[in-house]
Amino acid sequence: MALTQSDIDGELARVRESYDKARAEGAPAADHPPRDFPPYRSSVLRHPKQPLVAVHGDPETVELHTPVFGHTDITAIDNDLTVQHQGEPLGERITVSGRLLDSRGRPVHGQLIELWQANASGRYAHLRDQHPAPLDPNFTGVGRTLTGDDGSYHFTTIKPGAYPWRNHENAWRPAHLHFSVFGAAFTQRLVTQMYFPGDPLFAYDPILQSVTEPAARERLVATYDHALSRPEWSLGYRWDIVLDGPSATWIEEGR
Amino acid sequence: MSKRLTPEQGPAPAQALAPAEGLAPTPSHTVGPFYGYALPFPGGGEMAPAGHPGAITLHGYVRDGEGAPVPDALIELWQAGPDGSLAGAGGSMRRDPVTGGFLGRNGVDFTGFGRVATDADGHWTARTLPPGGPAAPAAPYISVCVHARGLLHHLFTRVYFPENAEANAADPLLASLDPARRETLVATAASPPGTYRFDIRLQGEGETVFLEFR
Ligand SMILES: [Fe+3]
């Protein structure tokens, strides 16, 4: 018997209930999803069962430093996913802007942000994506940029479509952009997804719902920002990214 | 605009981890199955400058809780240069400003960063230089970040090298682990010389030691 949406809904409700109970008993808010999250079936055999081993590093700890990416790693049009082919891609043109910050609110500058996504029809330019929605010859869906001195980043792209997947019967992912982010330390590495406000699929999606803390889920949803919309060109979304984890500079400052 | 300031308030118990006036972090999400056309890049595993006489080969399999290969994992490596430097260098994913394509590394600089996807067998390979440093008592290692479909949050581990037996024995992290688990962080010397095998078991028998940083 194929797993249905109502099976998943029931599992999500039970997870939510036990999270709320733990919170009521004083447990801290969960900033990240648990690695073991059965409603997302792929996590079942892929999460460690042993607890993670905590490392309290000194400034020489390799992970408190970070790989360097520079202007040789980026081309001038990498942050505009709509100009990488001969013609214009189909779909609703959007601009996505925000700032990359560390958890003390300091801008993280000169770091690499990579973005990848499905096209307006919800299809990835990936051979294994067999969703019967059209590929767009004018859209690959890959962007890169380096953050500015104030931690800012800007992308111009196309609003991706929702797409089905095989977690359960009638499973659909809400529209999202995949982000890969480097910080001032390898410990701050972040791979995540940005969502669009008001998507009716949020409640059904075990990946978004794996973030059990409602306030944390909201941090994955961009804000529509009319001031970022460009007249007769694109709709603007604002999304700040806050990195977790220590860096060598924190240690040197005696955090 | 979303406000993420979380001033100290409410009944939450004092957390040693919480930065004094911190912003709450953006939650992690899985890399998903369809990153393959976006994140891997040509020469991602060719960290050693071409023809470098000191180059080593590091390879292994990623397996899940049933021992099945994980064909959609992405392995990132970050390390000190042979001189122990953690300064790194740009140019891991050097680009051609004319075509926008990837040029490969410049053949001289050691960037310290590598990125390789596993193949259909769950296997990955990188060619790099042996890491130098850090100061005693820590032993040299390569930091590894594992991403995959099914991993809602990436996993960190480390590759230590078998010929550094003495340094490894003194290393505070390795020394803190029980011997059976410690082995999962030490690569196995293979042939030809300069080849090392490092398997990653996400769950179950021989589960790799994964790390968190505080
Ligand atoms: Fe996706």
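Only a predicted model underlies this, so the values are computations on that prediction, with no experimental measurement involved.

Scanning chain B from terminus to terminus reveals 3 helices and 10 strands. In chain B, the order of α-helices and β-strands from amino to carboxyl end is β-β-β-β-β-β-α-α-α-β-β-β-β. The principal-axis extents of the C-alpha atoms in chain B amount to approximately 60 × 50 × 40 Å. The 214 residues of chain B split such that 52% are buried. Pairs at least 24 residues apart make up 68% of the contacts formed inside chain B by residues separated by at least 6 positions. For chain B, the accessible area works out to roughly 8,900 Å², and carbon and sulfur atoms hold 55% of it. Averaging the coordinates of the 15 positive side-chain charges in chain B and doing the same for the 21 negative ones gives two points 5 Å apart.

What follows is about the coordination of the iron ion. Note on the iron ion: its protein donors are Y124 of chain A (OH), Y163 of chain A (OH), H176 of chain A (NE2) and H178 of chain A (NE2). The metal-donor distances range over 1.9 to 2.2 Å. Coordination at the iron ion comes from 4 donor atoms whose angles at the metal span 88 to 162°, giving a geometry best classed as irregular.

Y153, F179, V181, M194, W239 and I241 of chain A are the most contacted members of the largest nonpolar core, which totals 38 residues. Broken down by secondary-structure element, the contributors of at least two residues to this core are α1 (5-24), β2 (93-102), β3 (112-116), β5 (152-158), β8 (176-181), β9 (190-195), α2 (206-209) and β12 (241-243) of chain A. In this structure, A48, I56, L129 and A187 of chain B belong to the second largest nonpolar core, which totals 29 residues.

Let us look at the pattern of salt bridges. With the rule as written, the count across this model stands at 18 salt bridges over all chains. D72 of chain B is paired through a salt bridge with R46 of chain A; the nearest N and O atoms lie 2.9 Å apart. In this pair, D72 of chain B is assigned in the loop between β1 (56-63) and β2 (73-79) and R46 of chain A in the loop between α1 and β1 (53-55), connecting two distinct chains. Grouping residues by exposure puts D72 of chain B and R46 of chain A together as buried. Its salt-bridge partner being E76 of chain B, residue R115 of chain B comes within 2.8 Å of it at the nearest N-O pair. Here E76 of chain B lies in strand β2 and R115 of chain B lies in strand β3 (residues 113-117), a separation of 39 residues in the sequence. The burial state of R115 of chain B is the same as that of E76 of chain B; both residues are buried. Residues participating in the shared-partner salt-bridge network are E114, R144 and R189 of chain A together with E76 and R115 of chain B.

This next bit is on the UniProt feature "domain: Intradiol ring-cleavage dioxygenases" (unreviewed entry) in chain A. Mapped onto this numbering, the UniProt entry gives "domain: Intradiol ring-cleavage dioxygenases" (unreviewed entry) at residues 96-124 of chain A. For residues 96-124 of chain A, the helix share is 0%, the strand share is 41%, and the end-to-end C-alpha distance is 19 Å.

Reading the values: the criteria
- Residues numbered from 1 in each chain as written.
- Chains lettered and ligands numbered in written order.
- Predicted model: local features only at pLDDT ≥ 70, side-chain atom pairs only at ≥ 80, totals over all residues.
- Heavy atoms only, no water.
- Helix = DSSP H or I, 4+ residues; strand = E, 2+ residues; numbered from the N terminus.
- Buried < 20%, exposed > 50% of the residue type's maximum accessible area, 1.4 Å probe, protein only.
- Contact = heavy atoms within 4.5 Å.
- Areas by Shrake-Rupley, 256 points an atom, 1.4 Å probe, with all protein chains shown as cover.
- Lys, Arg positive; Asp, Glu negative; His and termini not counted.
- Charge placed at Lys NZ, Arg CZ, Asp CG, Glu CD.
- Donors = N, O, S within 2.8 Å, 3.2 Å for Na, K, Ca; no water.
- Tetrahedral: all angles 85-135°; square planar, octahedral: opposite > 155°, others 65-115°.
- Core = buried A, V, L, I, M, F, W, Y, C linked by side-chain atoms within 4.5 Å.
- Salt bridge = Lys/Arg side-chain N within 4 Å of Asp/Glu carboxyl O.
- UniProt positions renumbered as here; feature names shortened; annotations may be inferred.

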